[in-house]
Number of protein chains: 2
Amino acid sequence: MSALARQMSFDLAGEGTHVGGYAPLRQALAAHLRTARGVVCEPRQILVVSSTRAALSSLCRLLTSPGDRGLVEDPGYFIVGRALADFGLEPVSVAVDEEGMVVTPSLPAARLAYVTPTHQMPLGVRLSDRRSAELLEWARRGDGWIIEDDYDSEFRYVGQPVAALQGSDTSGRVLYVRTFAKLLFPSLRLAFMVVPKTMAKALERAVFLNGHEPPLHVQAALADFIAEGGYAAHIRRVRRIYRRRQELLVDELNRQLHDIVDLHPPSGGMNIVVPLPAHIAAETVQAEAARQALHVRPLSYYAQRLAAPNALHLGFAALPERLIEPSVRRLAAIVRGLDLDR
Amino acid sequence: MSALARQMSFDLAGEGTHVGGYAPLRQALAAHLRTARGVVCEPRQILVVSSTRAALSSLCRLLTSPGDRGLVEDPGYFIVGRALADFGLEPVSVAVDEEGMVVTPSLPAARLAYVTPTHQMPLGVRLSDRRSAELLEWARRGDGWIIEDDYDSEFRYVGQPVAALQGSDTSGRVLYVRTFAKLLFPSLRLAFMVVPKTMAKALERAVFLNGHEPPLHVQAALADFIAEGGYAAHIRRVRRIYRRRQELLVDELNRQLHDIVDLHPPSGGMNIVVPLPAHIAAETVQAEAARQALHVRPLSYYAQRLAAPNALHLGFAALPERLIEPSVRRLAAIVRGLDLDR
């Protein structure tokens, strides 16, 4: 009986339209992904959801059965393992080295593998070409799914841009996941997936029934932001800011702690891994720092079943330039204090 | 390493705080619910989520196992049945009459029952006191959960306000669910649950792992809106508008179709049920109306496994006053045409 009112085009307040995502946002993202990330897709393959967790939840609901195994990077984004366990799956730890997740021909059979190929969380390394090919082959061979979390991919400061794994997947086994939590802000609750065409309709239904759709007005605002060039400009701007902070932080750490720590120059991201000698436990540094209201994390914070290297994981996304020198000074004093305790 | 920045109180861009919902919103809702709906709860018992579907998804994840049965109203909000089936549960239809869901001592055992006690969707009837008591006893006896969807409860135009079932639950078996989709707008994607204290922490975790948290800035805006009195004023204003539309619609239907339809005066909501004589099928009226761009639904639209009464379900939320008379005129012409066809 809504009569003529229904004849007006449904505006943003409506429901029932834009299932799977606000159409202009899906179009804008498809265009952006092609050039910025080498992701090949049509707009209908993009599902807009509220977070990486929401994406994982809908994907698990659609693709897995209780008892299935899911490979996770260890150290890694541990929430994934917890979520998989909560969904009735068995998370299986896979080690990470300087070539990323240790993908060998003997990688265990599993229903899915959750990876951060471009910029491993938390080590910051890139999944090597050899490992990438091996992982795609693993998925093809065993009917497995690769969930590619394209974490922090925009924040690469040196070398060539690294294209997403999705772009070199010819068998439709890669499910691309991306959050705007870091790029814009976490409480925005906006993320998206890119899935094979054959799966798009079923996943749209799963996203709807699971209640994973973000508010339409937020989607519309982001669509405009991308279409008007604001998004690309924003990435360029914050990339500059973060690159500068990373340079300063690396310089300061090298200047003040060169005799104790041996820094691997990071290629991007908003964190630096600082390896520590065996006699200075990262957990002790954290505890001492916390007493001085300086928040640092040991790499073991991201460990699940495997032992993590003895190292600090320093985040600088919330660290203004002027605080870098004094923060490193306080950190260096703590590390040197523990060095002397030996 | 976020150092001093972390010492500043986390603003709305942050994550990790306000798990389960933006604290001021939970406080504002608790106060509002007590006076407006007779819902008894502390703020920590309120979980803010993105939709009724999200609430159902998190509740099912926490409380049910595949194969469990879930009672649903038939006719009813059929998405619930679909979602339950999608979650691996078996939806079981329960009929609805003028006293609401037909709750008898022989109600089947089930893990949960999804009900709209205040204003049944789509019939608009209230669950009688007798049936409410029986339903609470059913839950107590069989360790079942009652999911109370407090659908359209603000839009009651005649008689005393009906308090929520939650307020008379002494055994902690009622899980209260409420969306802002109708009260504000659907694409806002904002809803909440009220659950027993013993369940609040576990459900917070489920909401987090399932990715069901709405954006924090939207929660903050609503918290302000409620605290500043705008929300209560908005409800009063739209209640006046809808009551007026309902009066006009009932008057027009009685004036133009009194010899054919026997209208039960509705007590509230944004819809009217128009029973039709057996020889005028509601589905035929719908098809004929659709050809004239007049959108009406047969009650059977909401039927699942049981046959629905032969009636139209007219929504007037999107029908301005000036369109009521002409819309009813066109509807009446269609109904009379089919009456003559006999």
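Keep in mind that what you see is a predicted model, and the values were worked out from it rather than measured.

**Here we look at the overall build of chain A**
Now for step 1: Check the secondary structure of chain A and you find nine helices and 11 strands.
Now for step 2: Against the globule reference of 20 Å for 342 residues, chain A gives a C-alpha radius of gyration of 22 Å, in line with a compact fold.
Now for step 3: Reported as C-alpha extents along the three principal axes, the dimensions of chain A are approximately 80 × 45 × 35 Å.
Now for step 4: In chain A, which comprises 342 residues, the proportion classed as buried is 56%.
Now for step 5: The contacts in chain A between residues at least 6 apart in sequence include a share of 73% that link residues at least 24 apart.
Now for step 6: Approximately 13900 Å² of chain A is accessible, and the part contributed by carbon and sulfur atoms is 53%.
Now for step 7: Chain A carries 39 positive and 36 negative side-chain charges, and their two centres are separated by 3 Å.

**Quick word on the side chain of B:Arg61**
Now for step 1: Within the secondary structure, B:Arg61 sits in helix α2 (residues 52-63).
Now for step 2: We note that B:Arg61 is buried and unpaired, the nearest opposite charge coming from A:Asp86 at a distance of 4.8 Å.
Now for step 3: Within the structure, B:Arg61 has its side chain in polar contact with the side chain of B:Asn210 (distance 2.9 Å).
Now for step 4: Sequence-distant contacts of B:Arg61, that is, excluding residues within four places in its chain, are made with A:Ser57, A:Arg61, A:Asp86, A:Phe87 and B:Asn210.

**Examining the packing of helix α7 (residues 230-257) of chain B against helix α9 (residues 321-340) of chain B**
Residues and elements named next belong to chain B.
Now for step 1: The geometry of α7 relative to α9 is characterised by a closest axis approach of 10 Å and an angle of 30° between their N-to-C directions. It follows from the interaxial angle that α7 and α9 lie roughly parallel. Here the hand of the crossing between α7 and α9 comes out right-handed. The residues of α9 that touch α7, namely those facing Arg244, Arg245, Leu248, Leu249, Glu252, Leu253, Arg255, Gln256 and Leu257, are Glu321, Ile324, Glu325, Val328, Arg329, Leu331, Ala332, Val335 and Arg336.
Now for step 2: Here the residues of the contact of α7 with α9 sort into nine nonpolar, one polar and eight charged.

**Looking at the pairing of strand β5 (residues 112-115) of chain B**
Residue and element names in this part refer to chain B.
Now for step 1: Burial of the side chains of β5 extends over both faces: Leu112 and Tyr114 are buried on one face and Ala113 and Val115 on the other.
Now for step 2: Sheet topology places strand β2 (residues 69-74) next to β5; three bridges connect them, and they run parallel. Note that in β5 the partner of Val72 across the bridge is Tyr114.
Now for step 3: Looking at chain direction, β5 and strand β6 (residues 145-149) are connected through four bridges and run parallel. When the bridges of β6 are listed, Ala113 appears paired with Ile146.
Now for step 4: Handedness of the β-α-β unit built from β5, helix α4 (residues 129-142) and β6 comes out right-handed.

**A short note on the pattern of salt bridges**
Now for step 1: Within this structure, the stated rule accounts for 42 salt bridges over all chains.
Now for step 2: A:Asp150 is paired through a salt bridge with A:Arg37; the nearest N and O atoms lie 2.6 Å apart. Remark: A:Arg37 occurs in helix α1 (residues 23-37) and A:Asp150 occurs in the loop between β6 (145-149) and β7 (174-179); sequence separation between them is 113 residues. As far as burial versus exposure is concerned, A:Asp150 and A:Arg37 are alike and both buried.
Now for step 3: Note that B:Arg189 and A:Glu213 form a salt bridge whose closest N and O atoms lie 3.7 Å from each other. In this pair, B:Arg189 is assigned in the loop between β7 (174-179) and β8 (191-194) and A:Glu213 in the loop between α5 (197-210) and α6 (216-227), connecting two distinct chains.

**Concerning the packing of helix α8 (residues 282-291) of chain B against α9(B)**
Residue and element names in this part refer to chain B.
Now for step 1: Relative orientation of the contacting elements α8 and α9 amounts to 130°, with a least axis distance of 10 Å. In this view, α8 runs oblique relative to α9, as classed from their interaxial angle. You can see that α8 and α9 cross each other, and the crossing is right-handed. Counted together, Thr284, Val285, Glu288 and Ala289 of α8 and Leu331, Ile334, Val335 and Leu338 of α9 form the full contact between these two elements.
Now for step 2: Broken down by class, the residue content of the contact of α8 with α9 amounts to six nonpolar, one polar and one charged.

**A few points about the confidence of the model for chain A**
Residue and element names in this part refer to chain A.
Now for step 1: Considering every residue of chain A, the mean pLDDT works out to 90; 94% of them sit at 70 or more.
Now for step 2: Predicted confidence is poor over residues 1-15, with pLDDT under 50, and the contacts of this stretch with residues over four places away or in other chains come to 38 contacts.
Now for step 3: For this predicted complex, the interface score ipTM comes out at 0.80, alongside a pTM of 0.85.

**Quick word on a positive patch on the surface**
Now for step 1: A cluster of like positive charges, contributed by A:Arg236, A:Arg237, A:Arg240 and A:Arg243, occupies part of the molecular surface.
Now for step 2: Secondary-structure assignment places A:Arg240 in helix α7 (residues 230-257).

**Details of the sheet that holds β6(A)**
All names here are of chain A.
Now for step 1: Ordered in space as β1-β8-β7-β6-β5-β2-β3-β4, the eight strands form an open sheet in which the pairing is mixed. Looking at which strands have only one partner, the edges of the open sheet turn out to be β1 (46-49) and β4 (100-101).
Now for step 2: Examined bridge by bridge, β7 and strand β8 (residues 191-194) share four bridges and lie antiparallel to one another. Each bridged residue has a counterpart across the sheet, and for Arg178 the counterpart in β8 is Phe192.
Now for step 3: Of the strands in this sheet, β1, β5 (112-115), β6, β7 and β8 touch helix α2 (residues 52-63), which is tilted by about 155° from β7.

**Considerations on the environment of B:Gly20**
All names here are of chain B.
Now for step 1: Mapping Gly20 onto the fold places it in the segment before α1 (23-37).
Now for step 2: Given the relative accessible area of 2%, Gly20 is considered buried.
Now for step 3: For the pair Gly20 and Leu47, spaced 27 residues apart in sequence, the C-alpha separation works out to 4.9 Å.
Now for step 4: Residue contacts for Gly20: discarding those within four places in its chain leaves Arg26, Ile46, Leu47, Val48, Glu204 and Glu213.

**A word on empty space enclosed by the protein**
Residues and elements named next belong to chain A.
Now for step 1: Under the definition given, this model contains six cavities of 30 Å³ or more.
Now for step 2: Lining the largest cavity, in full, are Val72, Glu73, Gly76, Tyr77, Phe78, Val80, Tyr114, Thr116, Met121 and Gln304.
Now for step 3: Here the residues of the lining of the largest cavity are counted per class, giving six nonpolar, three polar and one charged.

**Here we look at helix α4 (residues 129-142) of chain A**
Residues and elements named next belong to chain A.
Now for step 1: Helix length check: α4, at 14 residues, gives a terminal C-alpha distance of 20 Å against a target of 20 Å (1.5 Å per residue), a fit within 8%.
Now for step 2: Contact partners of the buried residues in α4: β2 (69-74), β3 (90-97), β4, β5, β6 and β7.
Now for step 3: Positive backbone phi, approximately 55°, marks Asp143, located one or two places after α4.

**Observations regarding the sheet that holds strand β9 (residues 271-275) of chain B**
All names here are of chain B.
Now for step 1: Ordered by their spatial adjacency, three strands build an open sheet running β9-β11-β10, and the pairing between neighbours is antiparallel. Since the sheet does not close on itself, it has two edges, and those belong to β9 and β10 (297-298), each with one partner.
Now for step 2: Here β10 runs beside strand β11 (residues 311-315); their pairing, made up of two bridges, is antiparallel. Along β11, the bridge assignment pairs Arg297 with His313.
Now for step 3: Running at roughly 15° to β9, α7 makes contact with β9 and β11 of the sheet.

**Observations concerning the pairing of strand β9 (residues 271-275) of chain A**
Residue and element names in this part refer to chain A.
Now for step 1: Where burial is concerned, most of β9 is hidden: four out of the five residues are buried.
Now for step 2: Strand direction decides the pairing type here: β9 and strand β11 (residues 311-315), joined by five bridges, are antiparallel. Bridge pairing in β11 links Val273 to His313.

Calculation criteria
- Just so you know, the residues in each chain are numbered from 1, in the order the chain's sequence is written.
- Going through the entries in the order they are written, you letter the chains from A and number the ligands from 1.
- A pLDDT threshold of at least 70 governs which residues receive local features in this predicted model, and a stricter bar of 80 or more applies before side-chain atom pairs are shown or counted, although totals over entire chains, interfaces and linings include all residues.
- Just so you know, side-chain values use all the structure's heavy atoms and leave hydrogens and water out.
- Helix numbers and strand numbers start at the N terminus; a helix is a DSSP run of H or I with at least 4 residues, a strand a run of E with at least 2.
- Here the radius of gyration uses the C-alpha set of atoms, whereas the globule reference equals 2.2 Å times the residue count to the power 0.38.
- Think of it in three bands: residues with accessible area under 20% of the maximum for their type are buried, residues over 50% are exposed, and the middle band is partly exposed, with areas taken using a 1.4 Å probe on protein chains only.
- Residue contacts are defined here by distance: any two heavy atoms, one from each residue, within 4.5 Å place the two residues in contact.
- Throughout, the Shrake-Rupley method with a 1.4 Å probe supplies accessible areas, and for residues the shown protein chains are the sole cover considered.
- For this count, His and the chain ends are skipped, Lys and Arg are scored as positive, and Asp and Glu as negative.
- Charge placement uses NZ in Lys and CZ in Arg. For Asp and Glu, CG and CD serve respectively.
- The rule for a salt bridge is simple: a side-chain nitrogen of Lys or Arg has to be within 4 Å of a carboxyl oxygen of Asp or Glu.
- In protein, a polar contact means a hydrogen-donor-capable atom and an acceptor-capable atom, both N or O and within 3.5 Å, with residues adjacent in sequence counting only if both atoms are side-chain atoms; elsewhere, any N or O pair within 3.5 Å suffices.
- Structural elements are reduced to axes, namely lines fitted to C-alpha atoms, with helices fitted over the stretch in contact, and the angle between N-to-C directions of any two is expressed from 0 to 180 degrees.
- Relative orientations are named as follows: roughly parallel for angles under 35 degrees, roughly antiparallel for angles over 145 degrees, roughly perpendicular for angles from 65 to 115 degrees, and oblique for any other angle.
- Handedness of a crossing is defined here by the sense of rotation of the near helix relative to the far one, left-handed for an anticlockwise turn of less than a right angle and right-handed for a clockwise turn.
- Under the scheme applied here, ten amino acids are nonpolar (Ala, Val, Leu, Ile, Met, Phe, Trp, Tyr, Cys and Pro), four are charged (Asp, Glu, Lys and Arg), and all others, including Gly, are polar.
- Strands were regarded as paired on the criterion that DSSP finds at least two bridges between them.
- The crossover handedness rule: strands pointing away from the viewer, path from first strand over the helix to second strand clockwise, crossover right-handed.
- What pLDDT expresses is the predictor's confidence in each residue, scored from 0 to 100.
- Patches here: salt-bridge-free residues with over 30% relative accessible area, like charges joined within 9 Å, nonpolar side chains (Val, Leu, Ile, Met, Phe, Trp, Tyr) joined within 5 Å.
- Two kinds of site are reported from a 1 Å grid over the protein atoms alone, namely cavities, where a 1.4 Å probe fits but cannot get out, and pockets, open sets with protein on both sides within 12 Å along at least five of seven lines, and residues are called lining when an atom falls within 4 Å of a point.
- Grid points are joined across faces, edges and corners, and a volume is the space filled by probe spheres set on the points.
- Here the expected length of a helix is defined as 1.5 Å per residue gap, with one fewer gap than residues.

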